[in-house]
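Overview (structure and organization)
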Amino acid sequence: MDNRMNTIAGWLLGAGIVALGASIVTGEMFHAERPEKMGYPIEGVEAEEGEGGAAEQPIAAFLATADAAAGEGVFKKCAACHTINPGGANGLGPNLHGIMGQPVAARPGFAYSDALKSKGGTWDWENMSQWLKSPKAFANGTKMTFAGLSKPEDRANILAYMNAQGSNLPLPAAPAAAANPAAAAAEKSDAPAAAEKGEDEPVLTEGQAAKQPEGRVMGDASPVAGREGQSKAKAE
């Protein structure tokens, strides 16, 4: 009887050891590191900028080099819902011929969402760029399901193409380049030493300097009196 109990106990102990070993092995085989960024990337959706991320330049900076022909290719993403030819029919979205410069959500015969109708304003360069970047962010509650164009170059190209389709607005002026603080500091360090005079140091006119006792020279405009003084100054 004792031998049978010992045998059963031995089998149970062995099974436990095998199970523990299998658990360790499978844990090592299927171990996965936690990703740095959680979630899955979705094509066409722009990631939010983290703290310290470089701010995007105004769209006017990209319009100077925009290519309308390239924009026509980008517009193919919109063609499933929009027409852009003169007199084109509304689809899931309104006809976009001559849309640039027109009031927001004002095309006759199209049922706009309340979210977009409440925006007001016109489809200027910046508004249209922000709408194309993220319709949901521009008008939360819009019926437009397009994810948006994250690249400003793509938005500039499509804006150039849309503008050529019956709008022909003048391009906005490119923004001035921001001042370079490092260059400004270097330029300041090259300034003449006279500009860095101590605030207590007097600045005398030539007349005031001439009235001082001989041999006492003070201030920026103080002359050395007479040839004797000049010779003395050279000797010093």
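Further up the page is the structure itself.
Computed from a predicted structure; not experimentally measured.

1. So, the overall build of the protein chain
Within the protein chain, the regular secondary structure consists of 10 helices and 0 strands. Reading the protein chain from its N terminus to its C terminus gives the helix and strand order α-α-α-α-α-α-α-α-α-α. Within the protein chain, the fraction of its 236 residues that count as buried is 23%. Considering only contacts within the protein chain whose residues lie at least 6 apart along the sequence, 46% involve residues at least 24 apart. In the form shown here, the protein chain has an accessible surface area of approximately 17100 Å², with 56% of it arising from carbon and sulfur atoms.

2. So, the pattern of salt bridges
One pass over the structure, following the stated rule, counts 3 salt bridges. Linking Glu56 and Lys133 is a salt bridge whose minimum nitrogen-to-oxygen distance equals 3.9 Å. Pair noted here: Glu56 is in the loop between helix 1 (2–29) and helix 2 (60–63) and Lys133 is in helix 5 (residues 125–133), with a separation of 77 residues, a long-range link. Judged by relative accessible area, which is 19%, Lys133 ranks as buried. Among the ionic pairs, Glu56 bridges to Arg155, the shortest N-O distance being 2.5 Å. One end of the pair, Glu56, is in the loop between helix 1 and helix 2; the other, Arg155, is in helix 7 (residues 152–164), and 99 residues separate them in sequence. With a relative accessible area of 28%, Glu56 lands in the partly exposed category. Judged by its relative accessible area of 0%, Arg155 is buried.

3. Examining the packing of helix 3 (residues 68–75) against helix 7
Put simply, helix 3 and helix 7 touch, their axes get as near as 7 Å, and they point 100° apart. As far as their axial angle goes, helix 7 and helix 3 are roughly perpendicular. Judged by residue contacts, Ala68, Ala70, Gly71, Glu72, Val74 and Phe75 of helix 3 engage Asp154, Asn157, Ile158, Ala160, Tyr161 and Met162 from helix 7. Split into classes, the residues belonging to the contact of helix 3 with helix 7 amount to 8 nonpolar, 2 polar and 2 charged.

4. Thoughts on the packing of helix 5 against helix 7
It is the contact of helix 5 with helix 7, at a shortest axis distance of 10 Å, that shows an interaxial angle of 125°. With respect to each other, helix 5 and helix 7 are oriented oblique. Considering the relative orientation of helix 5 and helix 7, their crossing is right-handed. For the pair formed by helix 5 and helix 7, the contact residues are Trp125, Met128, Ser129, Leu132 and Lys133 on the first element and Arg155, Ile158, Leu159, Met162 and Asn163 on the second. In the contact of helix 5 with helix 7, the residues fall into 6 nonpolar, 2 polar and 2 charged.

5. So, the nonpolar core
Counting residues in hydrophobic clusters, the biggest one holds 28 residues, and the most contacted among them are Leu116, Met128 and Met162. Among the secondary structure elements, those contributing two or more residues to this core are helix 2, helix 3, helix 4 (114–117), helix 5 and helix 7. Here this core gets 5 residues from one element, more than from any other, and that element is helix 7.

6. Re the layout of surface pockets
When its volume is computed, the largest pocket comes out at roughly 540 Å³. Lining the largest pocket we find 27 residues, and of these His82, Gly93, Pro94, Trp131 and Met144 sit closest to its centre. Ranked by residue count, the leading element in the lining of the largest pocket is helix 5, at 3 residues. Classifying every residue of the lining of the largest pocket gives 20 nonpolar, 5 polar and 2 charged.

7. What about the packing of aromatic side chains?
A complete count under the given rule lists 5 aromatic pairs for this structure. Centre to centre, the rings of Trp131 and Phe138 are 5.8 Å apart; their planes meet at 75°, and the pair counts as edge-to-face. A residue is classified by how much of its surface remains accessible, and Trp131, at 8% relative accessible area, is buried. What links up through ring pairs into an aromatic cluster is the set Trp123, Trp131 and Phe138. Taking the ring centre of Phe138 as reference, the NZ or CZ of Lys119 above it sits at 4.5 Å.

About the cut-offs
Residues numbered from 1 in each chain as written. Predicted model: local features only at pLDDT ≥ 70, side-chain atom pairs only at ≥ 80, totals over all residues. Heavy atoms only, no water. Helix = DSSP H or I, 4+ residues; strand = E, 2+ residues; numbered from the N terminus. Buried < 20%, exposed > 50% of the residue type's maximum accessible area, 1.4 Å probe, protein only. Contact = heavy atoms within 4.5 Å. Areas by Shrake-Rupley, 256 points an atom, 1.4 Å probe, with all protein chains shown as cover. Salt bridge = Lys/Arg side-chain N within 4 Å of Asp/Glu carboxyl O. Axes fitted to C-alpha atoms, helices over the stretch in contact; angles between N-to-C directions. Parallel < 35°, antiparallel > 145°, perpendicular 65-115°, else oblique. Nonpolar A, V, L, I, M, F, W, Y, C, P; charged D, E, K, R; others polar. Left-handed = near helix turned anticlockwise from the far one by under 90°. Core = buried A, V, L, I, M, F, W, Y, C linked by side-chain atoms within 4.5 Å. 1 Å grid on protein atoms, 1.4 Å probe; cavity = no way out; pocket = protein on both sides within 12 Å on 5 of 7 lines; lining within 4 Å. Points joined across faces, edges and corners; volume = space filled by probe spheres on them. Phe/Tyr/Trp six-rings, centres within 6.5 Å; stacked < 30°, edge-to-face > 60°. Lys NZ or Arg CZ within 6 Å of the ring centre and 35° of its normal.

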